[in-house]
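# Examination of the molecular architecture
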Amino acid sequence: MSCNIAIAGVTGAVGQEFLRILEERDFPFSSVKMLASARSHGKKLTFKGREYTVEEMTDKSFDGVDIALFSAGGSRSREFADAVKKAGAVMVDNSSAFRMDPDTPLVVPEVNPEAIKDHKGIIANPNCSTIIALVPIWPLHNANPVKRMVVSTYQAASGAGQAAMDELALQSKDILAGREARCEAFPYQIAFNLFCHNSDLKPNGYNEEEMKMVNETRKIFSCPDIAITCTCVRVPVMRAHSESINLEFDSPITADEVRELLSTAPGVTVLDDRENNRFPMPIDADGKDDVYVGHIRQDESIPDNRGINLWVCGDQIRKGAALNAVQIAERLV
Ligand code: 2RA
């Protein structure tokens, strides 16, 4: 069935990736609206060989739309959610606005596609670092319940948008040329540096990004009691996130069994070449759909062979945002 779609936030890094992925996957649409802020009104862009004009997003923008893919920031998602629902459309929202709302399914299609049917007009895309962690953890958890997860993320500049990616490039040039690094998209120098994710700190001392991993995992896995802790760091990498993941399982499990389970897992590519010490790097995942998993090994510090360490890399803009949302939309048509 073909449908009428709208892309809200079309000029941003994720918005542009929506278009690339919709074209690559030959998404069955009959019409598409390109929506952005007033600043971009009138801009021209080409999609599937046709020229489109970007329109300023208003309450009327969603009349006749079936699916609205949103990546325009949480305040815009909240501002236009009622207009989308009133128009009878479904919002697939990449912002954090509705992720923890009990009436809003939070979906990774490889993990909990069945949750999509419960939507009440809005389906939330999880945070990029959550998606990239859960795609490989889910098949393991299904085979042998995970009791505890310790995740450390090494997050690319892309997570803070196109301006942040541009800043990484510019700062790198400036510093190599002996000039001062100008910090606008990030509060600190990102080139040749790294820092704890600069999202707001919660009363418990964790930042918002870390608590997203904790809270979203429990919702997506429907495991409110799973023990999980997380440290999120911004690193000078352009667009793929990396994550070190330590898992404590219910029962014994070996690295070979993990490798076997992941070798057939949807959305996962195993890159675990011990002989050549070759494991996933962000540049392996750049522009790819799959999450790359490697450096799979037993955690001897957890008794009874119930501990495993993984290293994963995933493209933050693709599987971490745009691809996951389009895969949700594909299940709506
Ligand atoms: C980040 N996950 O990387 C957040 C938002 N995309 O900053």
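Residues numbered from 1 in each chain as written. Predicted model: local features only at pLDDT ≥ 70, side-chain atom pairs only at ≥ 80, totals over all residues. Heavy atoms only, no water.

## So, the side chain of Gln155
For Gln155, the position within the fold is in strand S9 (residues 146–155). On the basis of relative accessible area, Gln155 is assigned to the buried category, the value being 1%. A polar contact of 2.7 Å, which involves the side chain of Gln155, links it to the side chain of Thr153. Excluding its chain neighbours within four sequence positions, the residues that come into contact with Gln155 are Ser129, His197, Glu209, Cys232, Val233, Arg234, Val235 and His241. (Helix = DSSP H or I, 4+ residues; strand = E, 2+ residues; numbered from the N terminus. Buried < 20%, exposed > 50% of the residue type's maximum accessible area, 1.4 Å probe, protein only. Polar contact = N/O pair within 3.5 Å; in protein donor to acceptor, adjacent residues only side chain to side chain. Contact = heavy atoms within 4.5 Å.)

## Observations regarding the site of the ligand
Taken together, Asn127, Cys128, Gln155, Gly159, His197, Glu209, Arg234, His241 and Gln316 make up the full set of residues adjacent to the ligand. Here Glu209 contributes a side-chain N or O atom positioned 2.6 Å from a nitrogen atom of the ligand. Here an oxygen atom of the ligand sits 2.5 Å away from a polar atom, N or O, in the side chain of Arg234. The fraction of the free accessible surface of the ligand (240 Å²) that becomes covered by protein chains is 83%. A per-class count over the shell around the ligand returns one nonpolar, six polar and two charged. (Near = heavy atom within 4 Å. Areas by Shrake-Rupley, 256 points an atom, 1.4 Å probe, with all protein chains shown as cover. Nonpolar A, V, L, I, M, F, W, Y, C, P; charged D, E, K, R; others polar.)

## Observations concerning the sheet that holds strand S5 (residues 55–56)
Taken in spatial order, the six strands make up an open sheet running S5-S2-S1-S6-S7-S8, and their pairing is parallel. The open sheet has two free edges, formed respectively by S5 and strand S8 (122–124), since each of these has just one partner strand. Packed on one face of the sheet, helix H2 (residues 74–86) meets strand S2 (29–36), strand S6 (67–70), strand S7 (90–93) and S8 and runs near 160° to S7. Lying on the sheet, helix H8 (residues 318–330) is in contact with S6, S7 and S8; it crosses S6 at an angle near 170°. (Pairing = 2+ DSSP bridges. Axes fitted to C-alpha atoms, helices over the stretch in contact; angles between N-to-C directions.)

## A word on the packing of aromatic side chains
Following the criterion strictly, the structure yields eight aromatic pairs and no others. With a centroid separation of 5.7 Å and 25° between ring planes, the pair formed by Phe62 and Phe70 is classed as stacked. Take Phe62 and Phe70: they sit in the same class, and that class is buried. Grouping aromatic residues by their ring pairs yields a cluster made of Phe29, Phe47 and Tyr52. (Phe/Tyr/Trp six-rings, centres within 6.5 Å; stacked < 30°, edge-to-face > 60°.)

## Topic: the UniProt feature "binding site: phosphate" (unreviewed entry) in the chain
UniProt tags Arg99 as "binding site: phosphate" (unreviewed entry). Mapped onto the secondary structure, Arg99 falls in the loop between S7 and S8. When sequence neighbours within four positions are dropped, the list of residues in contact with Arg99 reads Asn94, Thr104, Leu106, Ala124, Asn125, Pro126, Asn127, Lys212, Glu216 and Lys219. (UniProt positions renumbered as here; feature names shortened; annotations may be inferred.)

## Brief notes about the domain arrangement of the chain
Annotation of the chain at the domain level lists domain 1 (3–126 + 321–332) and domain 2 (130–315). The gap between the C-alpha centroids of domain 1 and domain 2 is 25 Å. Domain 1 puts 18 residues into the contact, and the matching count from domain 2 is 16 residues. Carbon and sulfur atoms supply 65% of the area buried between domain 1 and domain 2, which totals about 1,500 Å² over both sides. Of all residues in domain 1, Met100, Glu110 and Val111 bury the most surface against domain 2, accounting for 35% of the area lost on that side. Of the charged contacts, one joins Arg239 and Glu17 as a salt bridge, the two residues approaching to 3.6 Å between their closest N and O atoms. The interface formed by domain 1 and domain 2 includes four residue pairs in polar contact (both at pLDDT 80 or more). The set of elements that each furnish at least two residues to the side of domain 1 that touches domain 2 consists of helix H1 (13–24) and H8. Of the residues in the side of domain 1 that touches domain 2, the class split is eight nonpolar, five polar and five charged. (Domains from an automatic or database assignment. Buried area = accessible area lost by both parts, 1.4 Å probe. Salt bridge = Lys/Arg side-chain N within 4 Å of Asp/Glu carboxyl O.)

## Looking at the pairing of strand S14 (residues 291–298)
Along S14, six of the eight residues are buried, which leaves the element largely enclosed by surrounding structure. Relative to S14, strand S13 (residues 268–270) runs parallel, the two sharing three bridges. Looking at S14, one finds that Val268 is bridged to Val291. Two elements, S14 and strand S15 (residues 307–315), share five bridges in a ladder whose sense is antiparallel. Note on S15: the bridge partner recorded for Gln298 is Ile308.

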